[in-house]
Amino acid sequence: MWQIITNNWSAFLMGFWNTILCSIIALFFSLILGVIFALLEVAPPKFGRVIARIYVEIFRNIPLLVIVMIFYLIVPRFIVKLSGFQAGTIGLTLYTSAFIAETVKSGINSIGEGQMEGARSNGMTYIQAMRYVILPQAMKIVIPPLGNQFVNLIKNSSVLAFVAGFDLMYQAQIIAFATLKTIDTYVVVGLFYLILTMPLSYYMRYLEKKFAN
Amino acid sequence: METFIHAYSWIDIRFLLQGLWVTIYVSLISIALSFIVGLFLGLIRYMDIKKFRISAIVGFIIDLIRNLPLLLIIFFTYFGLPQLGIVTNPVTASIIALVIFEGAMLAEIVRSGISSIDPGQMEGARSNGMTFGQAMFHVVLPQALHNMIPALLSQFVSLVKDTSLATIIVLPELLYHAQIIYSQNTTYLIPMYVIIAIMYFIVCFCLSLTASYLQKRFQN
Amino acid sequence: MRKNKRIILLVVSLLLVLTLSACKKDEGNTYQQVKRDDAITWGIRADTRLFGLTIIRTGKIEGFEVDLAQALTKQMLGKKAKANFVTTTANTRIPLLKNHNIDAVLATMTITPEREKQVTFTKPYFPAGSSLLVPKSSKITSVRQLNDQTVLAVKGTTAVDDVHKFAPKARVLQYDDYGQAMSALKAGQGVALTTDNGILAGIAQENPGYKLVGGVYVNAPYGIAVNKGQKQMVEHLNQALAELKANGIYQKLLDKWFKGIPGFNVKEMN
């Protein structure tokens, strides 16, 4: 097993790097999108609520792989050329943002109407109240569940393997074929994933406990 | 538009429905089995059995599985299990992989669900003469399950969506059948993705609706 | 007491490991096993026109290799013997063979020295060679023009090495099957799709906007693969293959699938 690592070190490293890069980019943009759609869903205008609802339901109920395939095979023909890495990252961003929107929404709802009313009666506008009173508290509550979404995101980034995205899983398949040591290769790749996900999920559990007290 | 009409000929639709049936069939079996596994493992983890450090070991294994991509677990069950003498085909390999992965995810939901119930309930039931098992199954678990419904159902929706990953080991499910159709006639690419997106959406959305329905019913 | 528990735990886990490793299937003799079962389980393709392709109308897989597998099974084990089929892709076929999911691979598999370290091949049954498929409007005529270009291939094939022999700077993207690779070519993810000419001819037949170019740049004859060291199985397969060639069935199958396909001379292939 050690040989597999040393012989294919650069391939593993490239996959590792691409998985990290994809996860960070997708996390950044899905956080932004997720918060926007969560805000639309709790805001008074009906139009925004309907749009946000449709967006969330679509991306929550269609498999990630199907979304990524659409961006890889269909979008390039008509709109803009996308590489496997780009298509995968975009698909992952949209998919995750729906889950983040749900999480953030439930965080905002848990803050309670009273806070909003209090802030409004102190002369704040709706946006100010949301920005300075509700959202900061909500974000604190949702940090552990958001962390779990991030762990899921890292795991889900393995769909890049289907679209030649040069992530860890893609490299694993290539190495597994080249060396024909299938199981050993996947064990090594599993360790690489655990390096990323394990500390994160233990940290989130620690935070959860800390907030609970 | 004409492409769409041709693409949705009965032959193609029937082929897709065959794929959809495999998706649903694999999902239902996996949901049933992973729920049992998840409940069992979640209880072990919650009970914190000190003997042989069972709970600690089970907990660590659950954490390991939860932190690995499902795709990797599918590879392990399809390529790895046969090396232990268990010959798998794509259907059994997918079901085993889904049960292992989703079972671990559900175990965590079950554990936190039970933990969220006030410990006083357990103590009260025990002081009324119930055994631990009776108190757990008649008092604590029903309430915990009620609280868990949304989380459980969204995990089941994930499971249905995750079956699509098994195309990589040639499980003949919906996405794989769509890929066969559009790879033989590439003008059908868009119609195929449109219709399978709709099919997945309907199945998953129905599950989500069931979740909110169940939750409302339990509240009354 | 505590110490005792640890020892018990250690012993139990050791036993578990031992039983698991004992379960590991012994290699056995494939030929004796298929003779006993009166059936051969073949690993075939389901995504490759002419060789093995799922027919949407029936859900069955049809192609040259499926027919050949049927004929070989009957030739080897008698008329009543059964040929079972398992769909494989280029990156699953060797693990499945090593795991005894299948007895033999008849799935457009090129005989290469690297693969011979893992599996044992029969004599070639089809004289394939690597070629290129490009859109009709493409200016590419040779594999050497692919430097600094993106080429599409399938995971687990010899394509990457073959391309890099002639165009070391080509960037190769690999997919799980030919359907996906062709869809990617249509989506403009690369300038050419490379694999064996027989497979490409099948793809070109159903996609009129595409053509084969560059001729055969690496010879890559297909062989039937069985598990490493299964000499008896290989001998019987070779014998059955020779018999099929002698009695004309092989030629009949070639004619059935490859007659009139551009780039093939069915007479020359024997």
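Residues numbered from 1 in each chain as written. Chains lettered and ligands numbered in written order. Predicted model: local features only at pLDDT ≥ 70, side-chain atom pairs only at ≥ 80, totals over all residues.

## Focus: the interface of chain A and chain B
Counting from both sides, the interface comprises 26 residues of chain A and, opposite them, 27 residues of chain B. Going through the elements one at a time, α3 (46-61), α4 (64-78), α7 (126-156) and α9 (182-212) of chain A are the ones with two or more residues in the side of chain A that touches chain B. Looking at the side of chain A that touches chain B, the element that brings in the most residues is α9 of chain A, giving 10 residues. Looking at the side of chain A that touches chain B residue by residue, the class counts come to 18 nonpolar, six polar and two charged. (Contact = placed C-beta atoms within 7 Å. Helix = DSSP H or I, 4+ residues; strand = E, 2+ residues; numbered from the N terminus. Nonpolar A, V, L, I, M, F, W, Y, C, P; charged D, E, K, R; others polar.)

## Quick word on the sheet that holds strand β9 (residues 150-154) of chain C
All names here are of chain C. The sheet built from five strands is open, its strands ordered β10-β9-β11-β8-β12 with mixed pairing. Of all the strands in the sheet, just β10 (171-175) and β12 (210-219) have a single pairing partner and so form its edges. Here the strands of the sheet are splayed against their neighbours by 30° on average, with no regard to which way each runs. Of the pairings in the sheet, the one linking β9 to β10 comprises five bridges and is parallel in character. For valine 151, the partnering residue across the bridge sits in β10 and is valine 172. (Pairing = 2+ DSSP bridges. Axes fitted to C-alpha atoms, helices over the stretch in contact; angles between N-to-C directions.)

## Some thoughts on the interface of chain A and chain C
Contacts between chain A and chain C engage 13 residues on the former and 15 residues on the latter. When contributions to the side of chain A that touches chain C are tallied by element, the ones reaching two or more residues are α4 and α8 (168-179) of chain A. In terms of residues, the side of chain A that touches chain C owes the most to one element, α4 of chain A, which gives four residues. A breakdown of the residues in the side of chain A that touches chain C according to their chemical character gives eight nonpolar, three polar and two charged.

## Some thoughts on the UniProt feature "transmembrane region" (unreviewed entry) in chain B
Residue and element names in this part refer to chain B. The feature "transmembrane region" (unreviewed entry), as given by UniProt, occupies residues 20-44, 56-79, 91-110 and 188-214 in the numbering adopted here. Counting secondary structure, residues 20-44 comes out at 100% helix and 0% strand; the distance between its end C-alpha atoms is 35 Å. Along residues 56-79 one finds 88% helix and 0% strand; the C-alpha atoms at either end are 29 Å apart. (UniProt positions renumbered as here; feature names shortened; annotations may be inferred.)

## Quick look at the environment of aspartate 118 of chain B
All names here are of chain B. Mapping aspartate 118 onto the fold places it in the loop between α5 (90-115) and α6 (119-127). A residue is classified by how many C-beta atoms lie within 10 Å of it, and aspartate 118, with 10 of them, is exposed. The sequence separation of aspartate 118 and valine 140 amounts to 22 residues, and the corresponding C-alpha distance is 8.8 Å. (Buried ≥ 20, exposed ≤ 12 C-beta atoms within 10 Å, placed from the backbone.)

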